[in-house]
Amino acid sequence: MLIVLNGRHCLHAGRQEMYRGHMIPCVEKPSRLEFVEAELRLRGGSEWMDPDEADLDLLGRVHDPRYLDFLAGAWAEWIALDPKNAETDILPSAWPMPGLRHDVVPLAFAGRLGLFCFDSGSPMMSGTWDAALAGTASAITAARRVAAGRTAAFALTRPPGHHAGRALFGGYCFLNNAAVAAQTLREAGAARVAVLDVDFHHGNGTQDIFYRRGDVLTVSIHGHPLTEYPFYLGYADERGEGAGEGCNLNLPLSPKVSRFAEWHAALEEGLSAIARFGAEALVVPLGVDTYKGDPIAGFGLESEDYLKVGETIAGARLPSIFTFEGGYAVEGIGVNVANVLDGFEAGR
Ligand code: OKP
Ligand code: ZN
């Protein structure tokens, strides 16, 4: 496997997130990636590379340019409010819910922050923009290598991306690496691209970005939003709109009853839709928070199940890019991710 490692990931290391009314240490931490890197290096056989330069033009075709400007300048604005802010992460505290206006962009930093963010669990700090931007560069580099003829590549990066929408951050995600990979594949000549999100949580950001487009099919298998984060998107009746009608497939499952057999049946259903769509390339937002030991999620998957997950995905016989998303059981995360990639290679 070709692995494009975002060496700048550790510039993003949030201190605290809001949980049930108090602050707890961030769940999405640098060691997550380090455990994955260590396991992949231990197994050997991978080719490692650094990302090329970031591509802000391409990024502007995935995210709203006003949102990108906000993210790029957020830290400078934050410390301009008060130099003491440098010791604290940025978190919003007011949001424009229905009944309030979305069409005005407030001048106040706190007003814009709430406009562009949907939760209180995604702290931003001095290095967030640089880390996330380098993450998109990893996704672009991985996608370009695959477009140039590689079978597959893994963008090993954090913060994750699949919750980041066109002009929205949250769920520990700021820039949507998987969407950037899909856009790169399109611009490199693939007529139709599919995204198959296997993270435990619904890929609301990727759905948002491609919802009105007919050239990218988005599929997500996830904990049912009636009971699972992000709650407000991810239902089965969301099928796409306009040119994108029929190009979004949500496969929500109840985590209470789901075990690997049921989850794997959903994976096969997603892959059938991808084959019917006629995708020429595949992007897999790869989260392993479906693992039985995950502290914030889980579908009861065992480490060995991830070999089968990779093998089944390989059955699509599509050039594939994996992006690293969730997975919070650090003791299992390396083995689980490496098993998906090894299973994929064994299945090709
Ligand atoms: C990210 B990924 C709100 C925070 C709630 C959010 C979980 C994000 C999961 N205070 N937790 O899909 O693994
Ligand atoms: Zn997740």
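See the structure printed just above.
Only a predicted model underlies this, so the values are computations on that prediction, with no experimental measurement involved. (Residues numbered from 1 in each chain as written. Chains lettered and ligands numbered in written order. Predicted model: local features only at pLDDT ≥ 70, side-chain atom pairs only at ≥ 80, totals over all residues. Heavy atoms only, no water.)

## So, the overall build of the protein chain
- A count of helices and strands for the protein chain gives 10 helices and 10 strands.
- By principal-axis analysis of the C-alpha atoms, the protein chain measures approximately 55 × 45 × 40 Å.
- Going through the 348 residues of the protein chain one by one, you find that 59% of them count as buried.
- Pairs at least 24 residues apart make up 77% of the contacts formed inside the protein chain by residues separated by at least 6 positions.
- Charged side chains of the protein chain number 29 positive and 44 negative; the gap between the two group centres comes to 2 Å. (Helix = DSSP H or I, 4+ residues; strand = E, 2+ residues; numbered from the N terminus. Buried < 20%, exposed > 50% of the residue type's maximum accessible area, 1.4 Å probe, protein only. Contact = heavy atoms within 4.5 Å. Lys, Arg positive; Asp, Glu negative; His and termini not counted. Charge placed at Lys NZ, Arg CZ, Asp CG, Glu CD.)

## Considering the site of ligand 1
- Looking at ligand 1, there are 14 residues lining it, with Met18, His162, His163, Asp289 and Tyr328 nearest.
- Take Met18: an N or O atom from its main chain is 2.9 Å from a nitrogen atom of ligand 1.
- At 2.6 Å from an oxygen atom of ligand 1 is found a side-chain nitrogen or oxygen belonging to His162.
- Considered on its own, ligand 1 offers 410 Å² of accessible surface; in the complex 87% of this is hidden by protein.
- Looking at the shell around ligand 1 residue by residue, the classes come out as four nonpolar, seven polar and three charged. (Near = heavy atom within 4 Å. Polar contact = N/O pair within 3.5 Å; in protein donor to acceptor, adjacent residues only side chain to side chain. Areas by Shrake-Rupley, 256 points an atom, 1.4 Å probe, with all protein chains shown as cover. Nonpolar A, V, L, I, M, F, W, Y, C, P; charged D, E, K, R; others polar.)

## Observations regarding the environment of Gly99
- For Gly99, the position within the fold is in the loop between helix H3 (65-81) and helix H4 (109-115).
- The exposed category is assigned to Gly99, whose relative accessible area is 82%.
- Linking Gly99 and Leu68, residues 31 residues apart in sequence, is a C-alpha distance of 26 Å.

## So, the coordination of the zinc ion (ligand 2)
- Listed as protein donors to the zinc ion (ligand 2) are Asp199 (OD), Asp199 (OD), His201 (ND1) and Asp289 (OD); their distances from the metal cover 2.0 to 2.8 Å.
- Angles of 52 to 157° at the metal separate the six donor atoms of the zinc ion (ligand 2), which places the site in the irregular class. (Donors = N, O, S within 2.8 Å, 3.2 Å for Na, K, Ca; no water. Tetrahedral: all angles 85-135°; square planar, octahedral: opposite > 155°, others 65-115°.)

## Considering the sheet that holds strand E5 (residues 152-156)
- If you trace the eight strands from one edge of the open sheet to the other, you get E4-E1-E5-E10-E9-E6-E7-E8, paired in parallel fashion. The strands lining the two open edges of the sheet, one partner per strand, are strand E4 (47-49) and strand E8 (248-253). Mean inter-strand twist for the sheet, computed between neighbouring axes without regard to direction, equals 15°.
- In terms of strand pairing, strand E6 (residues 193-197) meets strand E9 (residues 281-286) through three bridges, oriented parallel. Across the sheet, residue Val193 finds its bridge partner in E9, namely Ala281.
- Of the strands in this sheet, strand E1 (2-5), E4, E5 and strand E10 (320-324) touch helix H5 (residues 128-147), which is tilted by about 175° from E5.
- Against the sheet, helix H8 (residues 260-277) contacts E6, strand E7 (216-223), E8 and E9, and its axis sits at roughly 175° relative to E7. (Pairing = 2+ DSSP bridges. Axes fitted to C-alpha atoms, helices over the stretch in contact; angles between N-to-C directions.)

## Regarding the side chain of Glu325
- Positionally, Glu325 belongs in the loop between E10 and helix H10 (330-347).
- Despite being buried, Glu325 has no salt bridge partner; Arg32 is the closest side chain of opposite charge, sitting 7.9 Å away.
- At 2.9 Å, the side chain of Glu325 and the backbone nitrogen of Gly161 are in polar contact.
- In this structure the side chain of Glu325 is engaged in a polar contact, spanning 2.8 Å, whose partner is the side chain of Thr323.
- Setting aside its immediate chain neighbours within four residues, Glu325 contacts Arg32, Pro160, Gly161, His162, Ala178, Asp199, Pro285, Leu286 and Gly287. (Salt bridge = Lys/Arg side-chain N within 4 Å of Asp/Glu carboxyl O.)

## Focus: the packing of aromatic side chains
- Applying the stated criterion to the full structure yields 13 aromatic pairs.
- Consider the rings of Trp78 and Phe109, whose centres lie 6.0 Å apart with planes at 45°: the pair is tilted. One end of the pair, Trp78, is in helix H3; the other, Phe109, is in helix H4, with 31 residues separating them in the sequence. One exposure class covers both Trp78 and Phe109, and it is buried.
- Arranged with centres 4.8 Å apart and planes meeting at 55°, the rings of Phe200 and Phe299 form a pair that is tilted. Note that Phe200 is positioned in the loop between E6 and helix H7 (204-210) and Phe299 in the loop between E9 and helix H9 (305-314), a separation of 99 residues in sequence.
- Look at Phe200 and you get buried, because its relative accessible area is 1%. (Phe/Tyr/Trp six-rings, centres within 6.5 Å; stacked < 30°, edge-to-face > 60°.)

## Some thoughts on helix H1 (residues 30-43)
- Under the 1.5 Å per step criterion, the end-to-end length of H1 is 21 Å for 14 residues, consistent within 8% with the ideal 20 Å.
- Every buried residue belonging to H1 is among Pro30, Arg32, Leu33, Val36, Glu37, Glu39 and Leu40, and all of these are buried.
- Residues of H1 that are buried sit in contact with E1, E4, E5, E10 and H10.
- Just downstream of H1 lies Gly44, where phi reads positive at about 70°. (Expected span 1.5 Å × (residues − 1).)

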